[in-house]
Amino acid sequence: MKSKLSNQFFRNFLVIFILAILDMVLAFVLLSFASGLIKDSLAKNRYPAGAIIKEDYTQIDASPVVENGGGVQVVDKEYRVVYSKGLDTIGKDKLTAEEFTKFLTESKTRPYHYDILYQPKGEFWLIVTFPTSIRLNFSLVYNKEAAAGDFIRSGLVIAFVVLIYLLILALSAFIYSRITAAGITIPLKKLCDGTRLLREGDYSVRVDLRLKNEFAELQNTFNDMAARIEHEISLRKKSEEDRRRLILDISHDLKNPMSSIQGYAELLMNKKNMHEQECEEHLKIILNNSKRANRLLTELFELSQMDSPEFSLKLSKTDICEYLRQLCGELVPQLEREGFKYEFNIPEDSIFVMLDADRFNRIIQNLANNAMRYNPEGTQVTISLTVQNNRVLIDFSDDGIGIPDHLASNIFKPFVRADDSRNSKTGGSGLGLSIAKRIAKAHGGDLTLLPNTIKGSTFRITIPAI
Ligand code: ADP
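Our subject in this report is the structure included herewith. (Residues numbered from 1 in each chain as written. Predicted model: local features only at pLDDT ≥ 70, side-chain atom pairs only at ≥ 80, totals over all residues. Heavy atoms only, no water.)

What follows covers the packing of aromatic side chains. In this structure the tally under the stated criterion is 15 aromatic pairs. Considering the side-chain rings of Tyr-79 and Phe-100, the 5.6 Å spacing of their centres and the 35° angle between planes classify their relative orientation as tilted. Of this pair, Tyr-79 sits in the loop between β1 (71-76) and β2 (81-86) while Phe-100 sits in helix α5 (residues 97-106), placing them 21 residues apart in sequence. Using a relative accessible area of 24% as the deciding quantity, one classes Tyr-79 as partly exposed. For Phe-100, a relative accessible area of 3% translates into the label buried. Relative to Phe-344, the ring of Tyr-342 lies with its centre 5.5 Å away and its plane at 20°, an arrangement referred to as stacked. Overall, Tyr-342 belongs to the partly exposed group, its relative accessible area being 31%. (Phe/Tyr/Trp six-rings, centres within 6.5 Å; stacked < 30°, edge-to-face > 60°. Helix = DSSP H or I, 4+ residues; strand = E, 2+ residues; numbered from the N terminus. Buried < 20%, exposed > 50% of the residue type's maximum accessible area, 1.4 Å probe, protein only.)

Now the structure itself:
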């Protein structure tokens, strides 16, 4: 790609350089054409020496020359300036033969136009001088009568100069094309390398061009795209990992009650003369395990229902204070039966929220069950409601055993439990808090575990007030 682009640039620059030369030549042609057009209007051409010369220099009328800013001098054969009117560039009354020769030879290089004529009869030189307005000395002069050798030598020098000129032109076009192409090919190469790495699966790749032009825009778009892909891939990996873990946990959690049911059912079938009491105990175990499996499946169903796009809440405008007071009242007999202390701080005001009462009930019930299930008798349970920044905060706290720090960040993930012995009596499914959090989120709020609780744990339900 690099060579193709720089070749393209090289061709373009050569064309541009050649066009520039042609333009320059055309400009000279136009300039000489234009100077031909104005030739007759210039003072130097209107009053040449031939037009005013007289045999007797005293008869010369220098006034039109002087009026047009010029000057007239007459130098006799002794190189004396015997007549001078207007502009005088000789500056002396008497010249030596050497000085006069120098004056004549250098007249072409001065910023004056000199028209010099010799009058043989009067034996003097008439010099008409005009200051040059603007002069461009560019002319090709040749004479057919020159010696052939001189022609060849001069021709070779000119050809050599033209060749060198063309070579320099081609070299500059080449270098310039390389430099210009590099301004495109280098960032392009970096972007191509980045894209290739991305294609090969390196999503952490980012391009840094240190440019501020359009390539910088392309670079930012590329980096944004790479960042998004990286984020999406990590999300996908995480959800894949979560899904894998979920299936593993489900099968693990179902395996124990199911094999227990199977084992005891087989025992009941095979052991003929079983004592009635023993038989009843076995049946009780079967019942408990089937209840456990059933609960797990019900909660799993609930969880997956909430993840489905069809899941929606039946919201209605509810006074949350009134609603929570009612729920707390229903909790009291349960808390007292289990030997728990309780305190409710719910304002007497009416604060309205949009609520699916049945689903929201599930959150409070889950938090209350957890508090009672995982904490010892005598634990204090406190439920308080406050409003902050138009959000209702319901803090559900207990001063019980608390949640270990290492679990705090994962406690809302399915199947996460502090006591991971899946057979233990206290061990629930580990799905309750995940379901509760999803319900809170579906209400536009959240369920979080407040950090740094001195004793026990505090769960906070947030829900927008209306
Ligand atoms: P489970 O069905 O196991 O109760 P949850 O998602 O409701 O599932 O709870 C997850 C885990 O969090 C529980 O197994 C328990 O270890 C811990 N936990 C929840 N609430 C409390 C609490 N109030 N005090 C101590 N531990 C708790």
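Moving on, we get to helix α9 (residues 320-337). When the terminal C-alpha atoms of α9 are compared, their 26 Å separation across 18 residues agrees well with the 26 Å that a helix rising 1.5 Å per residue should span. The sharpest bend along α9 measures roughly 30° and falls at Leu-331, with the proline Pro-333 sitting one to four residues further on. Among the residues of α9, those classed as buried are Ile-320, Cys-321, Tyr-323, Leu-324, Leu-327, Cys-328, Leu-331, Val-332 and Leu-335. Of the surrounding secondary structure, the elements contacted by the buried residues of α9 are β5 (316-319), β6 (341-345), β7 (352-355), α10 (357-374), β8 (380-388) and β9 (391-398). Here α9 starts with a cap whose side-chain oxygen sits 3.1 Å from the backbone nitrogen of Cys-321, and that cap is Asp-319. (Expected span 1.5 Å × (residues − 1). Bend = angle between axes of the 7 residues up to and from the residue. Contact = heavy atoms within 4.5 Å. Polar contact = N/O pair within 3.5 Å; in protein donor to acceptor, adjacent residues only side chain to side chain.)

Near the ligand lie 24 residues; those nearest to it are Asn-370, Tyr-374, Asp-398, Ala-418 and Leu-433. Here an oxygen atom of the ligand sits 2.8 Å away from a polar atom, N or O, in the side chain of Asn-370. For the ligand, the accessible surface in isolation is 540 Å², of which the surrounding protein chains cover 98%. Residue assignment for the shell around the ligand shows that the elements contributing at least two residues are α10, α12 (432-442) and β11 (457-464). (Near = heavy atom within 4 Å. Areas by Shrake-Rupley, 256 points an atom, 1.4 Å probe, with all protein chains shown as cover.)

Okay, the sheet that holds β8 next. Note on sheets: strands pair through backbone hydrogen bonds, and any given pair is parallel or antiparallel. A sheet is described by the order of its strands in space; here five strands give the open sequence β6-β8-β9-β11-β10, paired in mixed fashion. In the strand order of this sheet, the two ends are held by β6 and β10 (446-449), each with one partner. Strand-to-strand twist in this sheet, taken as the mean axis angle between neighbours without regard to direction, amounts to 15°. Against the sheet, α12 engages β10 and β11, with an angle of about 135° to β10. (Pairing = 2+ DSSP bridges. Axes fitted to C-alpha atoms, helices over the stretch in contact; angles between N-to-C directions.)

Positionally, Arg-362 belongs in helix α10. For Arg-362, the side chain forms a polar contact with the side chain of Glu-302, separated by 2.8 Å. Apart from residues lying up to four places away in sequence, Arg-362 is in contact with Glu-299, Glu-302, Ile-435 and Ile-439.

On to the nonpolar core, then. Core analysis: the largest hydrophobic core is formed by 52 residues, its most contacted members being Ile-320, Phe-360, Ile-363, Leu-385, Val-392, Ile-394 and Leu-447. For this core, the element with the most residues is α9, which contributes eight residues. Looking at this core, you find at least three residues from each of domain 3 (215-305) and domain 4 (312-464). Look past the residues within four positions of Val-392 in its chain and what remains in contact with it is Ile-320, Ile-351, Val-353, Leu-385, Thr-386, Val-387, Ile-461, Thr-462, Ile-463 and Ala-465. (Core = buried A, V, L, I, M, F, W, Y, C linked by side-chain atoms within 4.5 Å. Domains from an automatic or database assignment.)

Quick look at the pattern of salt bridges now. One pass over the full model with this rule turns up 25 salt bridges. Taken together, the salt bridges that share partners define one network made up of Lys-189, Asp-193, Arg-196 and Glu-200. (Salt bridge = Lys/Arg side-chain N within 4 Å of Asp/Glu carboxyl O.)

Strand order in the open sheet formed by four strands is β2-β1-β4-β3, and the pairing between neighbours is antiparallel. Since the sheet does not close on itself, it has two edges, and those belong to β2 and β3 (112-119), each with one partner. The average angle at which neighbouring strand axes cross in this sheet is 15°, direction not considered. Taken together, the eight bridges between β3 and strand β4 (residues 124-131) define a ladder with antiparallel strand orientation. Counterpart to Asp-115 in the pairing with β4 is Val-128. Set on the sheet, α5 makes contact with β1, β3 and β4; between it and β4 the angle comes to about 45°.

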